[in-house]
Structure formats: structure tokens, C-alpha cells
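Per-entry structural report
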Amino acid sequence: MSAARPFFGGNWKMHKGPDEARAFLHAFAERHPPREDRTVVLFPPAIALPALVGAAADRPDVEVGVQDVHQEREGAHTGAISASMAAEAGARWGLAGHSERRREFGDDDERVARKVDRLLEAGVAPVLCVGETLEQRDAGRLQEVLHRQVSAVVERLSDRDRRELVIAYEPVWAIGTGRTASPEDAAAAHELVRKDLAAWIGDAAEAVPIIYGGSVKPANAGELLTMPGVDGALVGGASLDPEAFASICAVVTA
Ligand code: PGA
């Protein structure tokens, strides 16, 4: 941990429509009593977002976010949604730069930076996802890749907006593969990201949550989250199960 408040995100990806989203919320709420010492955010598919916001109306401690938005404010972009639409539907948070978007949809650093701009101007707090492929890690390029992905976004922001960010370190080779970075590898990568951030905002970087993602499960969340500088988790597969996600959200953080 650092000085940041722990952040637990559940990224459902292309799972759960409106009915399943509501059912999840009820089951999760029973298992996860409200607590003020952490931030819990669910990222449903956009089509289930209003249903989830409605279901969570009496649980303000469970927030809702959008998985992706378009880099333009509006226009002829069939199938896309804008940051302001997501905000209107109740999204308080928005992912940008998830590796699946980078890989499947061609989101490059420039586009990711523009998405972060759109989220901020819509009043939606951005969660910037960064992380290296196995090939890049094996070639000794971890630091360079993280620096490039973080700088592309951070250099365009005001100091105030830099402090609003959450950064998710998600090694691409650990996402959905069952392979997790070792707690030491995760802590080392988080330290690199925080140093990059500190170059812009100094000590305030300590309060920016840098969270880990990649095959986080109830069984490994505890050891990851007690590592220095690991301020929470972005959970994919295990966040689909209310019981598993509740148990991750309950882990004791350092
Ligand atoms: P995973 O996904 O937990 O299924 O590995 C993490 C993510 O992509 O955010």
C-alpha cells in the first residue's frame, strides 16, 4: 500500500446483461457490507450500466464505471458511446487503455490519452490501464513500455487532473491466463509507475492509487495487496462471481 485509499474494481468485460447485473448486485450487497475505508467499483457492459446504477441506488458505497468510451465527444461513430453519455447514465469511473482495447480495437497511446481527456471533461474519473506483453518483459523493456504508456496520458493533464487518476498495472501476460505476477514483480512495476508520476506531481504521487490486475483471485489477493505500493486490484474473471469478488473486496490491505 501507499497513502492511497484502496480501490477494488470489477471489470466484467463482455459478460452480464441488465438482468444478470441486477442479480449480481443483490448477491454481492448481501456479502459485502458497506465500508468507508475502500472504493469498490463495478464496470458492467455499457448496456447494463443503467440497470446496475438503479440496483445500487441504496448502496452508494458500490460505484459504477464504464469500460470504454469513444475519444470524440459525439458524431458518426456507429456502436460507440461517449463519456458524457456514460456520465449521464451514472458512470462515476471509466477505464481507458485496457490491453484488450489496445489489442482488439487498436487503441494506441494517443487515443487512450484522448479518452482520458473526454472522461475528465465529463466528470468521470479515469482508470488508466498500462502493462507490458510477455515479449516486452522478456526483452527487458518493462520500464520503457510503462513510461511510454503513462507519459502519453499524464503529460497532457493539469496537476489537478494528474491527482485524480487511478492507474491499473496489468501485465498483459497475466490477464485471463491464470498466471499472476509475483507480488515482488507487481510491487517493482508499481514503483516504476509511481516514480514516473512523481516526476510530474512530486509527493502527491503517493496518494494516487496504483492497482494491480491480472488473474487476481480470492486466493492471491491478500499477498498482492499487502505489497508496498499495491493499492488495490482490477479484477476480471473473479469479479463475475459475487462471492469471489466480495471476498477480494474484504482483503486486509497493508
Ligand atoms: P482477469 O482480468 O482478472 O480475468 O485476469 C483482469 C483485467 O483484464 O482487468
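Quantities reported herein were computed from a predicted structural model and do not represent experimental measurements.

**Description of the overall build of the chain**
Counting secondary structure elements, the chain contains 11 helices and 8 strands. What you see for the chain is a C-alpha radius of gyration of 17 Å, in line with the 18 Å of a compact globule of 254 residues. The C-alpha extent of the chain, read off along each of the three principal axes, is 45 × 45 × 35 Å. Taken over 254 residues, the chain has a buried fraction of 56%. Taking all contacts inside the chain whose residues are at least 6 apart in sequence as the whole, residues at least 24 apart take part in 73%.

**Details of the nonpolar core**
If you look at the biggest cluster of nonpolar residues, it comprises 66 residues, and the most contacted ones within it are F28, L42, Y212, V216 and F245. The element that contributes the greatest number of residues to this core is helix α9 (residues 183-201), accounting for 6 residues. In this structure, Y212 is in contact with Y169, P171, A174, T180, A181, A186, H190, L224, V230, G232, A233 and L234, ignoring residues within four places of it in sequence. Counting residues in hydrophobic clusters, the runner-up holds 12 residues, among them W93, A125, V166 and L234.

**As for the packing of aromatic side chains**
On inspection of all chains with the given rule, the structure shows 5 aromatic pairs. Judged by centre distance (4.8 Å) and plane angle (65°), the rings of W12 and F24 are edge-to-face. Taken as a pair, W12 in the loop between β1 (7-11) and α1 (18-31) and F24 in helix α1 lie far apart in primary sequence, 12 residues in all. You'll find W12 and F24 in the same group, each marked buried.

**A closer look at the side chain of D109**
Tracing the chain through its elements places D109 in helix α5 (residues 109-121). A relative accessible area of 16% places D109 in the buried class. Looking at D109, its side chain comes within polar contact range of the side chain of R102, at 2.9 Å. Apart from the residues lying within four places of it in its own chain, the contact partners of D109 are R102, R148, Q149 and A152.

**Section: the site of the ligand**
Near the ligand there are 13 residues, and of these K13, H98, E170, G176 and S215 occur at the shortest range. At 2.7 Å from an oxygen atom of the ligand is found a main-chain nitrogen or oxygen belonging to S215. Between G236 and the ligand, the recorded distance is 2.8 Å, taken from a backbone N or O atom to an oxygen atom. Coverage of the ligand by the protein chains reaches 96% of its 280 Å² of free accessible surface. Along the lines of polarity and charge, the residues of the shell around the ligand split into 4 nonpolar, 7 polar and 2 charged.

**Regarding the sheet that holds strand β7 (residues 210-213)**
One closed barrel holds the 8 strands; their spatial order is β1-β2-β3-β4-β5-β6-β7-β8, and the pairing between them is parallel. Pairs of neighbouring strands in the sheet enclose a mean axial angle of 25°, with direction left out of account. As paired strands, strand β5 (residues 125-130) and strand β6 (residues 166-169) are joined by 4 bridges and run parallel to one another. Across the sheet, residue V127 finds its bridge partner in β6, namely V166.

**Digging into the pattern of salt bridges**
Inspection of every chain in the model, using the stated rule, returns 25 salt bridges. Ionic pairing is found between D37 and R38, a salt bridge with its closest N-O pair at 3.3 Å. Residue classification places R38 among the buried residues on the basis of a relative accessible area of 4%. Two residues, E144 and R141, come together in a salt bridge whose shortest N-O distance is 2.9 Å. Residue classification places E144 among the partly exposed residues on the basis of a relative accessible area of 44%. Its relative accessible area of 30% is what places R141 among the partly exposed residues. Within the structure, one salt-bridge network assembled from shared partners comprises D68, R101, D107, R111 and K115.

Calculation notes
- Residues numbered from 1 in each chain as written.
- Predicted model: local features only at pLDDT ≥ 70, side-chain atom pairs only at ≥ 80, totals over all residues.
- Heavy atoms only, no water.
- Helix = DSSP H or I, 4+ residues; strand = E, 2+ residues; numbered from the N terminus.
- Rg over C-alpha atoms; globule rule 2.2 N^0.38 Å.
- Buried < 20%, exposed > 50% of the residue type's maximum accessible area, 1.4 Å probe, protein only.
- Contact = heavy atoms within 4.5 Å.
- Core = buried A, V, L, I, M, F, W, Y, C linked by side-chain atoms within 4.5 Å.
- Phe/Tyr/Trp six-rings, centres within 6.5 Å; stacked < 30°, edge-to-face > 60°.
- Polar contact = N/O pair within 3.5 Å; in protein donor to acceptor, adjacent residues only side chain to side chain.
- Near = heavy atom within 4 Å.
- Areas by Shrake-Rupley, 256 points an atom, 1.4 Å probe, with all protein chains shown as cover.
- Nonpolar A, V, L, I, M, F, W, Y, C, P; charged D, E, K, R; others polar.
- Pairing = 2+ DSSP bridges.
- Axes fitted to C-alpha atoms, helices over the stretch in contact; angles between N-to-C directions.
- Salt bridge = Lys/Arg side-chain N within 4 Å of Asp/Glu carboxyl O.

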